[in-house]
Amino acid sequence: MTDDGTTAAAATGTLGYEQARDELIEVVRQLEAGGTSLEESLALWERGEELAKVCRHWLEGARARLDAALAGPAAPGDDSGAEGGTAADAG
C-alpha cells in the first residue's frame, strides 16, 4: 500500500491537497471493490481517515484565506459602489 514515509507525511500535513485527494480516491475505490481481508480493509480505512484529515486541513486553510481576503479593506482609490452611481445614471 504505502510506505511509512508517506504515512508520516500525511499525518503531519505535508502532502499537498491534490496528492492527498488522489490517494483518498484510490483508497475508496479499493474499499468499494472489496476482496480484501479484514485487516487490509481496516488499514485502508485508517489511511483514508488520515488522508481526509489532510484534505480537510487544506480546505480549512483555503477557506480562512478567502474569508480574510473578503473581509480585508478595499483597495485605496477603489470607490466602486461608494456613491452608488454608474456612468448610465449620469446621462
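Residues numbered from 1 in each chain as written. Predicted model: local features only at pLDDT ≥ 70, side-chain atom pairs only at ≥ 80, totals over all residues. Heavy atoms only, no water.

1. What about the pattern of salt bridges?
Turning to step 1, where the next piece is worked out: All chains considered together, the criterion is met by five salt bridges.
Turning to step 2, where the next piece is worked out: For D22, the salt bridge identified is with R21, shortest N-O distance 3.0 Å.
Turning to step 3, where the next piece is worked out: For the salt bridge of D67 with R63, the shortest nitrogen-to-oxygen distance reads 3.7 Å. Residue D67 and its partner R63 are both found in helix α3 (residues 38-71); the two are separated by four residues, about one turn of the helix.
Turning to step 4, where the next piece is worked out: Using a relative accessible area of 40% as the deciding quantity, one classes D67 as partly exposed. (Salt bridge = Lys/Arg side-chain N within 4 Å of Asp/Glu carboxyl O. Helix = DSSP H or I, 4+ residues; strand = E, 2+ residues; numbered from the N terminus. Buried < 20%, exposed > 50% of the residue type's maximum accessible area, 1.4 Å probe, protein only.)

2. Let's talk about α3
Turning to step 1, where the next piece is worked out: With 34 residues, α3 should reach 50 Å at 1.5 Å per residue; the first-to-last C-alpha distance of 48 Å fits that figure.
Turning to step 2, where the next piece is worked out: Residues L44, R47, G48, L51, V54 and C55 constitute the buried set of α3. (Expected span 1.5 Å × (residues − 1).)

3. Re the confidence of the model for the protein
Turning to step 1, where the next piece is worked out: Looking at the protein, pLDDT values average 80 and 66% of them are 70 or higher.
Turning to step 2, where the next piece is worked out: Mean pLDDT values for the elements of the protein range from 46 in helix α4 (residues 87-90) up to 97 in helix α2 (residues 17-33).
Turning to step 3, where the next piece is worked out: In the model, residues 1-5 has pLDDT below 50 throughout and makes five contacts with residues more than four positions away in sequence or in other chains.
Turning to step 4, where the next piece is worked out: Note that residues 82-91 has pLDDT below 50 and, in this model, one contact with residues that lie over four places away or in other chains. (pLDDT = per-residue confidence, 0-100. Contact = heavy atoms within 4.5 Å.)

4. Quick look at a negative patch on the surface
Turning to step 1, where the next piece is worked out: Residues E39, E40, E46 and E49 make up a contiguous surface patch of negative charge.
Turning to step 2, where the next piece is worked out: In this fold, E39 is placed in helix α3.
Turning to step 3, where the next piece is worked out: Judged by its relative accessible area of 60%, E39 is exposed. (Patch = residues over 30% accessible without salt bridge, like charges linked within 9 Å, V, L, I, M, F, W, Y side chains within 5 Å. Areas by Shrake-Rupley, 256 points an atom, 1.4 Å probe, with all protein chains shown as cover. Lys, Arg positive; Asp, Glu negative; His and termini not counted. Charge placed at Lys NZ, Arg CZ, Asp CG, Glu CD.)

5. Here's the deal with the packing of α2 against α3
Turning to step 1, where the next piece is worked out: Close contact between α2 and α3 brings their axes to 9 Å; oriented N to C, the two are set at 150 degrees. By the angle class used here, α2 and α3 are roughly antiparallel. As for how α2 packs across α3, the hand of that crossing is left-handed. Mapping the contact onto sequence places Y17, A20, R21, E23, L24, V27, Q30 and L31 in α2 and S41, L44, W45, R47, G48, L51, A52, V54, C55, W58 and L59 in α3.
Turning to step 2, where the next piece is worked out: Taken together, the residues of the contact of α2 with α3 break down into 13 nonpolar, three polar and three charged. (Axes fitted to C-alpha atoms, helices over the stretch in contact; angles between N-to-C directions. Parallel < 35°, antiparallel > 145°, perpendicular 65-115°, else oblique. Left-handed = near helix turned anticlockwise from the far one by under 90°. Nonpolar A, V, L, I, M, F, W, Y, C, P; charged D, E, K, R; others polar.)

6. Overview of α2
Turning to step 1, where the next piece is worked out: Here α2 contains 17 residues, and its C-alpha end-to-end distance of 24 Å stays within 8% of the 24 Å for a straight helix at 1.5 Å per residue.
Turning to step 2, where the next piece is worked out: In the stretch just after α2, G34 is the one whose phi turns positive, near 70 degrees.

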